[in-house]
Amino acid sequence: MRTKRFQATPEPSKSLKTSAVIYIRVSSKEQQQEGFSLDAQLKLLMDYAQKRNLEVLATYLDVESAKCPGRSEFGRLVSFLQAQAKLPQDKCLCRTVLVEKTDRFYRNLQDLTTIRNLGVTIHLAKESQVISPDSKSHETFSHGLNVLIAERFSNNLSEEVKKGMLEKAQQGLWPSSAPVGYLNVEGPNRKKIIQPDPVRAPLIKLMFEFYAKGNNSLKDAGEEASRIGLAHRKSGNKLNKSALYDVLTNPIYYGDFHWMGITYNGTHEPIITKELFDKVQRTMDRRSSCPTGRQSRDFQFQGVMTCSYCGCAMVAEIKKEKYVYYHCTGNKGKCPGKYAREELIDQQFAQSLGQISIDNDVIKWIVSVMQRSTAEDRRQQEEQLKSLSQQKQRLEDRLDTMYGDKLDNVITEDDYKRRSNKFRGELSDIKFKMEQLGQGKGENIDSAVRLLELSQKAASLYLKQIPSEKRELLNLVYSNSTFGSGELRPNFRKPFDLLAVTNMEYQRQKATSHGKSDLFEKWYARQDSNLRPTA
Ligand SMILES: [Zn+2]
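Computed from a predicted model, the values in this text were never measured in an experiment.

J.: What am I meant to see in the sheet that holds strand 2 (residues 54-64) here?
T.: On the basis of which strands lie adjacent, the open sheet formed by five strands has the order 2-1-3-4-5 and mixed pairing. The sheet is open, and its two edges are formed by strand 2 and strand 5 (129-131), each paired on a single side. Between one strand axis and the next, the sheet turns through 20 degrees on average, direction left out of account. When strand 3 (residues 94-99) meets strand 4 (residues 121-124), the two strands line up parallel, connected through four bridges. Within strand 4, the residue paired with Thr-96 across the bridge is Thr-121.

J.: Looking at this model, I keep getting lost on the sheet that holds strand 14 (residues 481-484). Mind explaining?
T.: Backbone hydrogen bonds hold the strands of a sheet together, and the pairing may be parallel or antiparallel. Taken in spatial order, the three strands line up as 10-14-15 in an open sheet, and their pairing is mixed. Each edge of the open sheet carries a strand with a single partner, namely strand 10 (305-307) and strand 15 (487-489). Pairwise comparison of adjacent strand axes, ignoring direction, gives a mean angle of 30 degrees for this sheet. Of the strand pairs in this sheet, strand 10 and strand 14 are connected by three bridges, and their pairing is parallel. Residue pairing across strands places Thr-306 opposite Thr-482, the latter belonging to strand 14.

J.: I tried to follow the confidence of the model for the chain on my own but got confused; where do I start?
T.: On average, residues of the chain score 77 in pLDDT, and 75% of them reach the 70 mark or higher. Here residues 290-296 is modelled with pLDDT under 50, and outside its nearest four sequence neighbours on either side it reaches 17 contacts, counting other chains as well. Note on residues 521-535: pLDDT under 50 across the span, and 21 contacts to partners over four residues away in sequence or across chains.

J.: Explain the packing of helix 10 (residues 201-212) against helix 11 (residues 218-228) here, please?
T.: To characterise two packed helices, one gives the angle between the axes of the helices and the distance between these axes. Contact pair helix 10 / helix 11: the axes reach a minimum separation of 10 Å and the direction vectors enclose 150 degrees. On the basis of their axis angle, the class for helix 10 and helix 11 is roughly antiparallel. When the axes of helix 10 and helix 11 are compared, the crossing they make is right-handed. Seen from helix 10, the contacting residues are Leu-203, Leu-206, Met-207, Phe-210 and Tyr-211; seen from helix 11, they are Ala-221, Glu-224, Ala-225 and Ile-228. Class assignment for the residues of the contact of helix 10 with helix 11 results in eight nonpolar, no polar and one charged.

J.: How should the nonpolar core be read in this particular structure?
T.: Proteins that are soluble and globular tend to have nonpolar side chains buried together. By size, the foremost hydrophobic cluster in this structure holds 34 residues, and its most contacted members are Met-207, Phe-208, Leu-244 and Leu-248. The set of elements that each furnish at least two residues to this core consists of helix 9 (165-170), strand 7 (192-196), helix 10, helix 11, helix 12 (241-248), strand 8 (256-259) and helix 13 (274-289). With six residues, helix 10 is the largest single contributor of residues to this core. Residues within four places of Leu-244 in sequence aside, it is in contact with Leu-218, Ala-221, Gly-222, Ala-225 and Leu-239. In this structure, Cys-307, Cys-328, Leu-451 and Leu-473 belong to the second largest nonpolar core, which totals 27 residues.

The rules behind these values
Residues numbered from 1 in each chain as written. Predicted model: local features only at pLDDT ≥ 70, side-chain atom pairs only at ≥ 80, totals over all residues. Pairing = 2+ DSSP bridges. Helix = DSSP H or I, 4+ residues; strand = E, 2+ residues; numbered from the N terminus. Axes fitted to C-alpha atoms, helices over the stretch in contact; angles between N-to-C directions. pLDDT = per-residue confidence, 0-100. Contact = placed C-beta atoms within 7 Å. Parallel < 35°, antiparallel > 145°, perpendicular 65-115°, else oblique. Left-handed = near helix turned anticlockwise from the far one by under 90°. Nonpolar A, V, L, I, M, F, W, Y, C, P; charged D, E, K, R; others polar. Core = buried A, V, L, I, M, F, W, Y, C linked by C-beta atoms within 7 Å. Buried ≥ 20, exposed ≤ 12 C-beta atoms within 10 Å, placed from the backbone.

What follows is the structure, given as C-alpha coordinates:
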(Lines give C-alpha, C1' and ligand atoms only; values in the text may rest on other atoms or scores of the structure.)
Protein backbone atom coordinates (compact mmCIF):
# COMPACT_ATOMS: atom_id res chain seq x y z
CA MET A 1 0.00 0.00 0.00
CA ARG A 2 1.32 3.46 -0.91
CA THR A 3 0.93 6.30 1.54
CA LYS A 4 1.94 9.90 1.33
CA ARG A 5 4.35 10.76 4.02
CA PHE A 6 3.43 14.40 4.25
CA GLN A 7 -0.04 15.74 3.92
CA ALA A 8 -0.84 19.39 3.51
CA THR A 9 -4.59 18.90 3.82
CA PRO A 10 -6.46 16.97 6.48
CA GLU A 11 -7.19 13.34 5.72
CA PRO A 12 -9.99 13.25 3.18
CA SER A 13 -11.69 10.24 4.75
CA LYS A 14 -12.74 12.33 7.73
CA SER A 15 -14.76 14.78 5.70
CA LEU A 16 -15.95 12.48 2.93
CA LYS A 17 -18.92 10.27 3.68
CA THR A 18 -18.71 6.62 2.74
CA SER A 19 -21.63 5.46 0.63
CA ALA A 20 -23.65 2.46 1.67
CA VAL A 21 -26.80 0.58 0.83
CA ILE A 22 -29.25 -0.92 3.30
CA TYR A 23 -30.71 -4.39 3.05
CA ILE A 24 -33.77 -5.36 5.09
CA ARG A 25 -35.68 -8.59 5.23
CA VAL A 26 -38.71 -9.53 7.29
CA SER A 27 -41.22 -12.29 7.03
CA SER A 28 -44.82 -11.19 6.64
CA LYS A 29 -45.55 -12.89 9.95
CA GLU A 30 -42.87 -10.96 11.78
CA GLN A 31 -44.08 -7.77 10.17
CA GLN A 32 -47.12 -7.98 12.43
CA GLN A 33 -45.00 -8.13 15.55
CA GLU A 34 -43.65 -5.16 17.40
CA GLY A 35 -39.95 -4.60 16.95
CA PHE A 36 -39.64 -6.84 13.91
CA SER A 37 -41.24 -4.54 11.39
CA LEU A 38 -39.56 -3.04 8.37
CA ASP A 39 -39.89 0.37 9.96
CA ALA A 40 -38.09 -0.73 13.09
CA GLN A 41 -35.22 -2.24 11.10
CA LEU A 42 -35.02 0.76 8.84
CA LYS A 43 -34.92 3.19 11.73
CA LEU A 44 -32.19 1.21 13.45
CA LEU A 45 -30.08 1.15 10.30
CA MET A 46 -30.60 4.82 9.47
CA ASP A 47 -29.53 5.76 12.99
CA TYR A 48 -26.54 3.50 12.67
CA ALA A 49 -25.59 5.09 9.33
CA GLN A 50 -25.82 8.55 10.79
CA LYS A 51 -23.62 7.67 13.76
CA ARG A 52 -21.00 6.13 11.50
CA ASN A 53 -21.12 8.94 8.99
CA LEU A 54 -22.37 6.67 6.22
CA GLU A 55 -24.42 8.02 3.37
CA VAL A 56 -27.31 5.74 2.43
CA LEU A 57 -27.70 5.53 -1.35
CA ALA A 58 -30.50 3.01 -1.55
CA THR A 59 -32.58 0.62 0.51
CA TYR A 60 -33.48 -2.90 -0.56
CA LEU A 61 -36.50 -4.48 1.13
CA ASP A 62 -37.62 -8.09 1.03
CA VAL A 63 -40.85 -9.18 2.67
CA GLU A 64 -41.13 -12.94 2.65
CA SER A 65 -44.38 -14.78 3.01
CA ALA A 66 -45.18 -18.46 3.02
CA LYS A 67 -46.60 -18.00 -0.48
CA CYS A 68 -43.68 -16.04 -1.80
CA PRO A 69 -40.35 -17.03 -0.24
CA GLY A 70 -38.28 -15.34 -2.93
CA ARG A 71 -35.82 -12.59 -2.31
CA SER A 72 -35.92 -10.51 -5.44
CA GLU A 73 -34.39 -7.48 -3.74
CA PHE A 74 -31.44 -9.51 -2.51
CA GLY A 75 -30.74 -10.42 -6.13
CA ARG A 76 -30.95 -6.79 -7.15
CA LEU A 77 -28.61 -5.81 -4.36
CA VAL A 78 -26.08 -8.37 -5.58
CA SER A 79 -26.37 -7.12 -9.18
CA PHE A 80 -25.88 -3.55 -8.01
CA LEU A 81 -22.75 -4.45 -6.06
CA GLN A 82 -21.40 -6.52 -8.95
CA ALA A 83 -21.86 -3.57 -11.29
CA GLN A 84 -20.11 -1.31 -8.78
CA ALA A 85 -17.18 -3.68 -8.54
CA LYS A 86 -16.58 -3.41 -12.29
CA LEU A 87 -16.30 0.37 -12.23
CA PRO A 88 -12.89 2.05 -12.01
CA GLN A 89 -12.04 2.93 -8.44
CA ASP A 90 -12.76 6.64 -8.72
CA LYS A 91 -16.22 5.98 -10.22
CA CYS A 92 -17.14 3.28 -7.78
CA LEU A 93 -19.76 4.66 -5.44
CA CYS A 94 -20.56 1.92 -3.04
CA ARG A 95 -18.77 -1.01 -1.43
CA THR A 96 -20.68 -1.11 1.85
CA VAL A 97 -23.86 -2.86 2.97
CA LEU A 98 -25.77 -2.24 6.18
CA VAL A 99 -27.89 -5.01 7.64
CA GLU A 100 -29.52 -5.59 10.99
CA LYS A 101 -27.93 -8.92 11.75
CA THR A 102 -26.59 -12.05 10.14
CA ASP A 103 -29.80 -14.01 9.76
CA ARG A 104 -31.45 -11.01 8.08
CA PHE A 105 -28.89 -11.07 5.35
CA TYR A 106 -27.98 -14.58 4.40
CA ARG A 107 -30.25 -17.53 4.34
CA ASN A 108 -27.58 -20.06 3.48
CA LEU A 109 -23.91 -20.56 2.80
CA GLN A 110 -24.47 -19.92 -0.87
CA ASP A 111 -25.53 -16.37 -0.05
CA LEU A 112 -22.45 -15.98 2.11
CA THR A 113 -20.17 -17.09 -0.72
CA THR A 114 -21.91 -14.78 -3.18
CA ILE A 115 -21.45 -11.78 -0.93
CA ARG A 116 -17.92 -12.68 0.04
CA ASN A 117 -16.90 -12.92 -3.59
CA LEU A 118 -18.07 -9.34 -4.05
CA GLY A 119 -15.40 -8.21 -1.61
CA VAL A 120 -17.67 -5.68 0.07
CA THR A 121 -17.80 -4.43 3.64
CA ILE A 122 -20.78 -5.52 5.70
CA HIS A 123 -21.96 -3.76 8.83
CA LEU A 124 -24.05 -5.95 11.13
CA ALA A 125 -25.61 -3.20 13.20
CA LYS A 126 -27.11 -5.28 15.99
CA GLU A 127 -24.13 -7.57 16.29
CA SER A 128 -21.73 -4.62 16.35
CA GLN A 129 -19.59 -6.28 13.72
CA VAL A 130 -18.02 -5.02 10.54
CA ILE A 131 -16.89 -7.68 8.11
CA SER A 132 -14.66 -6.58 5.28
CA PRO A 133 -12.15 -8.22 2.98
CA ASP A 134 -9.50 -6.97 5.46
CA SER A 135 -11.19 -8.47 8.53
CA LYS A 136 -9.21 -10.63 10.87
CA SER A 137 -9.73 -14.27 10.21
CA HIS A 138 -11.42 -14.96 13.54
CA GLU A 139 -14.02 -12.29 12.76
CA THR A 140 -14.66 -13.85 9.42
CA PHE A 141 -14.99 -17.18 11.09
CA SER A 142 -17.47 -16.10 13.69
CA HIS A 143 -19.40 -14.42 10.92
CA GLY A 144 -19.44 -17.66 8.94
CA LEU A 145 -20.54 -19.48 12.04
CA ASN A 146 -23.47 -17.15 12.54
CA VAL A 147 -24.51 -17.85 9.00
CA LEU A 148 -24.22 -21.53 9.69
CA ILE A 149 -26.47 -21.20 12.70
CA ALA A 150 -28.95 -18.98 10.89
CA GLU A 151 -29.08 -21.63 8.22
CA ARG A 152 -29.57 -24.41 10.68
CA PHE A 153 -32.60 -22.60 11.98
CA SER A 154 -34.13 -22.29 8.60
CA ASN A 155 -33.88 -25.91 7.54
CA ASN A 156 -36.16 -28.79 8.36
CA LEU A 157 -33.98 -30.24 11.01
CA SER A 158 -34.78 -27.22 13.11
CA GLU A 159 -38.53 -27.77 13.26
CA GLU A 160 -38.26 -29.42 16.66
CA VAL A 161 -36.07 -26.64 17.88
CA LYS A 162 -38.38 -23.95 16.67
CA LYS A 163 -41.20 -25.42 18.64
CA GLY A 164 -39.19 -25.17 21.79
CA MET A 165 -39.07 -28.94 22.04
CA LEU A 166 -35.37 -29.06 22.61
CA GLU A 167 -35.70 -26.58 25.41
CA LYS A 168 -38.35 -28.75 27.00
CA ALA A 169 -36.15 -31.80 26.68
CA GLN A 170 -33.34 -29.93 28.38
CA GLN A 171 -35.66 -29.31 31.30
CA GLY A 172 -36.29 -33.03 31.56
CA LEU A 173 -39.76 -32.81 30.03
CA TRP A 174 -40.71 -35.22 27.29
CA PRO A 175 -41.41 -32.77 24.46
CA SER A 176 -43.70 -34.79 22.24
CA SER A 177 -46.87 -36.84 22.39
CA ALA A 178 -46.87 -39.38 25.19
CA PRO A 179 -45.75 -42.94 24.39
CA VAL A 180 -48.20 -45.70 25.20
CA GLY A 181 -48.46 -46.03 28.98
CA TYR A 182 -48.30 -42.27 29.51
CA LEU A 183 -50.74 -39.41 29.04
CA ASN A 184 -50.03 -35.80 28.09
CA VAL A 185 -51.43 -33.62 30.83
CA GLU A 186 -51.04 -30.08 32.08
CA GLY A 187 -48.70 -29.89 35.03
CA PRO A 188 -47.71 -27.09 37.41
CA ASN A 189 -47.15 -23.67 35.74
CA ARG A 190 -49.37 -24.87 32.89
CA LYS A 191 -46.50 -26.86 31.45
CA LYS A 192 -47.38 -29.84 29.32
CA ILE A 193 -46.03 -32.93 31.01
CA ILE A 194 -46.57 -36.67 30.83
CA GLN A 195 -47.88 -38.87 33.62
CA PRO A 196 -48.62 -42.60 33.83
CA ASP A 197 -51.84 -43.61 32.13
CA PRO A 198 -53.83 -45.27 34.95
CA VAL A 199 -55.17 -47.90 32.51
CA ARG A 200 -52.09 -48.76 30.45
CA ALA A 201 -49.15 -48.05 32.76
CA PRO A 202 -49.72 -51.21 34.85
CA LEU A 203 -49.98 -53.24 31.62
CA ILE A 204 -46.68 -51.81 30.37
CA LYS A 205 -45.09 -52.91 33.62
CA LEU A 206 -46.55 -56.38 33.15
CA MET A 207 -45.03 -56.54 29.66
CA PHE A 208 -41.55 -55.70 30.95
CA GLU A 209 -41.90 -58.36 33.62
CA PHE A 210 -43.16 -60.85 31.07
CA TYR A 211 -40.24 -60.31 28.73
CA ALA A 212 -37.65 -60.15 31.52
CA LYS A 213 -38.38 -63.82 32.31
CA GLY A 214 -36.13 -64.56 29.37
CA ASN A 215 -38.00 -67.44 27.79
CA ASN A 216 -40.45 -65.34 25.79
CA SER A 217 -39.91 -64.02 22.28
CA LEU A 218 -41.31 -60.74 21.00
CA LYS A 219 -43.99 -62.78 19.29
CA ASP A 220 -44.97 -64.30 22.63
CA ALA A 221 -44.93 -60.81 24.07
CA GLY A 222 -47.32 -59.69 21.35
CA GLU A 223 -49.74 -62.45 22.24
CA GLU A 224 -49.44 -61.61 25.91
CA ALA A 225 -50.12 -57.93 25.15
CA SER A 226 -53.37 -58.72 23.39
CA ARG A 227 -54.33 -61.19 26.14
CA ILE A 228 -54.02 -58.53 28.84
CA GLY A 229 -55.60 -55.90 26.58
CA LEU A 230 -52.66 -53.58 25.98
CA ALA A 231 -53.41 -51.52 22.86
CA HIS A 232 -52.65 -48.12 21.38
CA ARG A 233 -54.54 -45.42 23.19
CA LYS A 234 -55.93 -43.52 20.22
CA SER A 235 -56.36 -46.17 17.55
CA GLY A 236 -57.11 -49.08 19.86
CA ASN A 237 -54.89 -51.19 17.59
CA LYS A 238 -52.84 -54.05 18.95
CA LEU A 239 -49.14 -53.45 19.49
CA ASN A 240 -47.25 -55.29 16.78
CA LYS A 241 -43.77 -56.71 17.28
CA SER A 242 -41.93 -53.58 16.27
CA ALA A 243 -44.11 -51.40 18.51
CA LEU A 244 -43.44 -53.78 21.38
CA TYR A 245 -39.77 -53.66 20.64
CA ASP A 246 -39.93 -49.86 20.83
CA VAL A 247 -41.71 -50.08 24.18
CA LEU A 248 -39.30 -52.62 25.67
CA THR A 249 -36.23 -50.61 24.65
CA ASN A 250 -37.59 -47.18 25.53
CA PRO A 251 -35.83 -45.77 28.63
CA ILE A 252 -38.69 -43.34 29.19
CA TYR A 253 -40.46 -46.00 31.27
CA TYR A 254 -37.79 -45.91 33.97
CA GLY A 255 -37.25 -42.15 33.78
CA ASP A 256 -34.74 -41.21 31.04
CA PHE A 257 -35.58 -40.40 27.48
CA HIS A 258 -33.86 -39.93 24.13
CA TRP A 259 -34.43 -36.76 22.21
CA MET A 260 -32.60 -35.97 18.98
CA GLY A 261 -29.85 -38.38 19.74
CA ILE A 262 -29.24 -37.32 23.34
CA THR A 263 -30.40 -38.96 26.53
CA TYR A 264 -32.01 -36.70 29.13
CA ASN A 265 -32.99 -37.37 32.74
CA GLY A 266 -36.74 -37.05 32.72
CA THR A 267 -38.71 -35.42 35.51
CA HIS A 268 -41.78 -37.61 34.90
CA GLU A 269 -42.96 -40.45 37.10
CA PRO A 270 -41.38 -43.79 36.08
CA ILE A 271 -43.49 -46.86 35.43
CA ILE A 272 -40.76 -49.44 35.97
CA THR A 273 -37.40 -49.58 37.73
CA LYS A 274 -34.06 -49.19 36.00
CA GLU A 275 -33.20 -52.71 37.16
CA LEU A 276 -36.16 -54.21 35.37
CA PHE A 277 -35.36 -52.21 32.25
CA ASP A 278 -31.74 -53.36 32.24
CA LYS A 279 -32.82 -56.94 32.70
CA VAL A 280 -35.05 -56.66 29.65
CA GLN A 281 -32.19 -55.18 27.59
CA ARG A 282 -29.92 -58.06 28.55
CA THR A 283 -32.61 -60.54 27.61
CA MET A 284 -33.05 -58.79 24.33
CA ASP A 285 -29.31 -58.82 23.56
CA ARG A 286 -29.10 -62.50 24.37
CA ARG A 287 -32.08 -63.36 22.26
CA SER A 288 -30.97 -61.29 19.29
CA SER A 289 -27.64 -63.06 19.21
CA CYS A 290 -29.24 -66.46 19.29
CA PRO A 291 -30.90 -67.80 16.17
CA THR A 292 -34.37 -68.41 17.57
CA GLY A 293 -34.68 -64.82 18.62
CA ARG A 294 -33.71 -63.42 15.26
CA GLN A 295 -37.12 -61.97 14.48
CA SER A 296 -36.55 -59.40 17.16
CA ARG A 297 -33.47 -58.24 15.35
CA ASP A 298 -33.57 -54.61 14.40
CA PHE A 299 -31.62 -53.74 11.29
CA GLN A 300 -29.71 -50.62 12.04
CA PHE A 301 -28.86 -49.49 8.52
CA GLN A 302 -32.16 -50.17 6.89
CA GLY A 303 -33.36 -46.91 5.35
CA VAL A 304 -30.10 -45.15 6.15
CA MET A 305 -28.38 -45.62 2.81
CA THR A 306 -29.03 -46.51 -0.79
CA CYS A 307 -27.06 -48.49 -3.36
CA SER A 308 -24.32 -46.39 -4.94
CA TYR A 309 -24.70 -48.21 -8.27
CA CYS A 310 -28.37 -47.90 -8.94
CA GLY A 311 -29.89 -45.88 -6.12
CA CYS A 312 -32.15 -48.67 -4.90
CA ALA A 313 -32.73 -49.29 -1.21
CA MET A 314 -30.26 -51.44 0.73
CA VAL A 315 -31.97 -54.20 2.66
CA ALA A 316 -30.73 -56.52 5.36
CA GLU A 317 -30.74 -60.28 5.32
CA ILE A 318 -29.61 -62.85 7.85
CA LYS A 319 -27.19 -65.49 6.60
CA LYS A 320 -26.28 -68.71 8.33
CA GLU A 321 -28.78 -67.68 10.98
CA LYS A 322 -26.47 -65.13 12.56
CA TYR A 323 -24.64 -62.87 10.14
CA VAL A 324 -26.40 -59.78 8.90
CA TYR A 325 -25.70 -58.81 5.32
CA TYR A 326 -26.90 -55.82 3.36
CA HIS A 327 -27.58 -55.82 -0.32
CA CYS A 328 -29.27 -53.78 -3.02
CA THR A 329 -32.90 -54.67 -3.71
CA GLY A 330 -32.04 -54.64 -7.42
CA ASN A 331 -35.45 -53.19 -8.14
CA LYS A 332 -34.16 -51.31 -11.15
CA GLY A 333 -32.77 -54.40 -12.81
CA LYS A 334 -29.55 -56.34 -12.38
CA CYS A 335 -27.12 -54.53 -10.07
CA PRO A 336 -23.38 -55.21 -9.74
CA GLY A 337 -23.52 -54.37 -6.00
CA LYS A 338 -22.34 -57.16 -3.71
CA TYR A 339 -23.41 -58.28 -0.26
CA ALA A 340 -21.74 -56.49 2.66
CA ARG A 341 -21.43 -57.49 6.29
CA GLU A 342 -23.16 -55.27 8.83
CA GLU A 343 -19.95 -54.90 10.85
CA LEU A 344 -18.15 -53.43 7.87
CA ILE A 345 -20.77 -50.70 7.44
CA ASP A 346 -20.85 -50.14 11.18
CA GLN A 347 -17.11 -49.46 11.28
CA GLN A 348 -17.31 -47.03 8.42
CA PHE A 349 -20.12 -45.02 9.99
CA ALA A 350 -18.25 -44.89 13.29
CA GLN A 351 -15.17 -43.64 11.49
CA SER A 352 -17.13 -41.04 9.57
CA LEU A 353 -18.75 -39.76 12.76
CA GLY A 354 -15.25 -39.13 14.08
CA GLN A 355 -15.01 -36.31 11.56
CA ILE A 356 -17.49 -34.20 13.47
CA SER A 357 -15.96 -34.84 16.86
CA ILE A 358 -15.01 -31.31 17.85
CA ASP A 359 -12.48 -30.41 20.54
CA ASN A 360 -13.75 -28.95 23.80
CA ASP A 361 -11.73 -25.78 23.51
CA VAL A 362 -13.18 -25.08 20.10
CA ILE A 363 -16.71 -25.49 21.42
CA LYS A 364 -15.94 -23.14 24.30
CA TRP A 365 -14.67 -20.52 21.91
CA ILE A 366 -17.66 -20.81 19.63
CA VAL A 367 -20.04 -20.53 22.56
CA SER A 368 -18.36 -17.38 23.82
CA VAL A 369 -18.71 -15.80 20.39
CA MET A 370 -22.38 -16.64 20.29
CA GLN A 371 -23.06 -15.47 23.81
CA ARG A 372 -21.92 -12.01 22.91
CA SER A 373 -24.55 -11.60 20.22
CA THR A 374 -27.26 -13.18 22.38
CA ALA A 375 -26.68 -10.63 25.14
CA GLU A 376 -27.46 -7.89 22.65
CA ASP A 377 -30.66 -9.64 21.58
CA ARG A 378 -31.74 -9.95 25.16
CA ARG A 379 -31.24 -6.27 25.80
CA GLN A 380 -33.45 -5.38 22.84
CA GLN A 381 -36.07 -7.83 23.94
CA GLU A 382 -36.19 -6.22 27.37
CA GLU A 383 -36.68 -2.82 25.78
CA GLN A 384 -39.60 -4.09 23.75
CA LEU A 385 -41.14 -5.75 26.77
CA LYS A 386 -40.88 -2.54 28.73
CA SER A 387 -42.62 -0.54 26.04
CA LEU A 388 -45.36 -3.13 25.72
CA SER A 389 -46.00 -3.27 29.42
CA GLN A 390 -46.33 0.53 29.49
CA GLN A 391 -48.92 0.32 26.72
CA LYS A 392 -50.69 -2.38 28.63
CA GLN A 393 -50.82 -0.28 31.77
CA ARG A 394 -52.23 2.69 29.85
CA LEU A 395 -55.01 0.59 28.36
CA GLU A 396 -55.90 -0.92 31.70
CA ASP A 397 -56.08 2.54 33.28
CA ARG A 398 -58.39 3.69 30.52
CA LEU A 399 -60.64 0.71 30.97
CA ASP A 400 -60.80 1.44 34.70
CA THR A 401 -61.73 5.07 34.11
CA MET A 402 -64.35 4.07 31.60
CA TYR A 403 -65.89 1.64 34.03
CA GLY A 404 -66.08 4.42 36.60
CA ASP A 405 -67.73 6.66 34.01
CA LYS A 406 -70.27 3.99 33.32
CA LEU A 407 -71.08 3.58 37.00
CA ASP A 408 -71.45 7.36 37.30
CA ASN A 409 -73.68 7.38 34.20
CA VAL A 410 -71.24 9.68 32.38
CA ILE A 411 -71.35 7.32 29.40
CA THR A 412 -74.15 5.01 28.30
CA GLU A 413 -74.05 1.26 28.67
CA ASP A 414 -73.82 0.88 24.87
CA ASP A 415 -70.95 3.32 24.59
CA TYR A 416 -69.15 1.55 27.35
CA LYS A 417 -69.54 -1.83 25.66
CA ARG A 418 -68.40 -0.58 22.30
CA ARG A 419 -65.38 1.30 23.55
CA SER A 420 -64.27 -1.18 26.14
CA ASN A 421 -64.43 -3.97 23.57
CA LYS A 422 -62.06 -2.05 21.36
CA PHE A 423 -59.62 -1.54 24.22
CA ARG A 424 -59.89 -5.17 25.30
CA GLY A 425 -59.01 -6.20 21.77
CA GLU A 426 -55.93 -4.02 21.86
CA LEU A 427 -55.08 -5.32 25.28
CA SER A 428 -55.19 -8.94 24.18
CA ASP A 429 -52.98 -8.07 21.19
CA ILE A 430 -50.42 -6.60 23.53
CA LYS A 431 -50.57 -9.59 25.86
CA PHE A 432 -50.07 -11.88 22.89
CA LYS A 433 -47.02 -9.90 21.77
CA MET A 434 -45.60 -10.02 25.28
CA GLU A 435 -46.02 -13.78 25.42
CA GLN A 436 -44.38 -14.13 22.04
CA LEU A 437 -41.42 -12.09 23.19
CA GLY A 438 -41.01 -14.17 26.28
CA GLN A 439 -40.69 -17.30 24.22
CA GLY A 440 -37.83 -18.86 22.44
CA LYS A 441 -35.13 -16.34 23.26
CA GLY A 442 -31.80 -17.76 24.17
CA GLU A 443 -33.01 -20.90 22.45
CA ASN A 444 -30.74 -20.41 19.49
CA ILE A 445 -27.61 -20.50 21.57
CA ASP A 446 -28.75 -23.46 23.63
CA SER A 447 -29.60 -25.43 20.55
CA ALA A 448 -26.37 -24.50 18.86
CA VAL A 449 -24.50 -25.71 21.92
CA ARG A 450 -26.55 -28.88 21.89
CA LEU A 451 -25.76 -29.31 18.26
CA LEU A 452 -22.05 -28.95 18.87
CA GLU A 453 -22.17 -31.27 21.85
CA LEU A 454 -24.10 -33.80 19.89
CA SER A 455 -21.55 -33.49 17.16
CA GLN A 456 -18.75 -33.95 19.64
CA LYS A 457 -20.30 -37.01 21.22
CA ALA A 458 -21.77 -38.61 18.13
CA ALA A 459 -18.97 -41.08 17.54
CA SER A 460 -18.72 -42.31 21.12
CA LEU A 461 -22.50 -42.36 21.57
CA TYR A 462 -22.84 -44.34 18.40
CA LEU A 463 -20.66 -47.18 19.63
CA LYS A 464 -22.80 -47.64 22.72
CA GLN A 465 -26.19 -47.40 21.11
CA ILE A 466 -28.71 -50.09 20.39
CA PRO A 467 -29.69 -50.51 16.73
CA SER A 468 -32.81 -48.34 16.77
CA GLU A 469 -30.87 -45.51 18.41
CA LYS A 470 -28.06 -45.87 15.95
CA ARG A 471 -30.50 -45.53 13.14
CA GLU A 472 -31.99 -42.43 14.73
CA LEU A 473 -28.60 -40.83 15.18
CA LEU A 474 -27.51 -41.66 11.65
CA ASN A 475 -30.70 -40.20 10.22
CA LEU A 476 -30.12 -37.05 12.18
CA VAL A 477 -26.57 -36.56 10.99
CA TYR A 478 -26.68 -38.01 7.47
CA SER A 479 -28.94 -38.04 4.51
CA ASN A 480 -28.60 -39.67 1.10
CA SER A 481 -25.58 -41.77 2.04
CA THR A 482 -24.76 -44.53 -0.40
CA PHE A 483 -22.99 -47.86 -0.25
CA GLY A 484 -21.31 -49.98 -2.89
CA SER A 485 -18.19 -52.12 -3.44
CA GLY A 486 -17.73 -52.41 0.29
CA GLU A 487 -17.40 -48.69 0.60
CA LEU A 488 -19.70 -46.34 2.43
CA ARG A 489 -20.09 -42.86 0.99
CA PRO A 490 -21.44 -40.96 3.93
CA ASN A 491 -23.22 -37.71 3.22
CA PHE A 492 -23.55 -35.29 6.12
CA ARG A 493 -26.66 -33.25 6.51
CA LYS A 494 -26.35 -29.53 7.01
CA PRO A 495 -24.81 -28.14 9.12
CA PHE A 496 -22.80 -31.24 9.95
CA ASP A 497 -21.25 -31.06 6.48
CA LEU A 498 -19.55 -27.78 7.21
CA LEU A 499 -18.62 -28.86 10.73
CA ALA A 500 -16.95 -31.94 9.31
CA VAL A 501 -14.92 -30.07 6.72
CA THR A 502 -13.84 -27.36 9.13
CA ASN A 503 -13.06 -29.77 11.91
CA MET A 504 -10.94 -32.00 9.67
CA GLU A 505 -8.95 -28.98 8.56
CA TYR A 506 -8.53 -27.90 12.17
CA GLN A 507 -7.34 -31.35 13.25
CA ARG A 508 -4.90 -31.49 10.36
CA GLN A 509 -3.41 -28.13 11.31
CA LYS A 510 -3.35 -29.05 14.97
CA ALA A 511 -1.33 -32.13 14.15
CA THR A 512 1.22 -30.15 12.15
CA SER A 513 1.33 -26.93 14.17
CA HIS A 514 4.27 -26.33 16.44
CA GLY A 515 3.37 -22.96 17.95
CA LYS A 516 0.01 -23.73 19.48
CA SER A 517 -0.97 -20.19 20.42
CA ASP A 518 -2.46 -19.19 17.08
CA LEU A 519 -4.19 -22.45 16.36
CA PHE A 520 -7.68 -20.97 16.34
CA GLU A 521 -6.52 -18.20 14.12
CA LYS A 522 -5.30 -20.74 11.63
CA TRP A 523 -8.48 -22.67 11.67
CA TYR A 524 -10.68 -19.66 11.23
CA ALA A 525 -8.51 -18.44 8.41
CA ARG A 526 -9.77 -21.42 6.49
CA GLN A 527 -12.68 -19.45 5.17
CA ASP A 528 -10.41 -16.78 3.70
CA SER A 529 -8.12 -19.32 2.20
CA ASN A 530 -10.97 -20.53 0.02
CA LEU A 531 -10.62 -17.34 -1.93
CA ARG A 532 -6.85 -17.35 -2.13
CA PRO A 533 -4.38 -19.79 -3.49
CA THR A 534 -2.86 -21.76 -0.63
CA ALA A 535 0.68 -20.84 0.24
ZN1 LIG B 1 -27.93 -51.50 -6.74
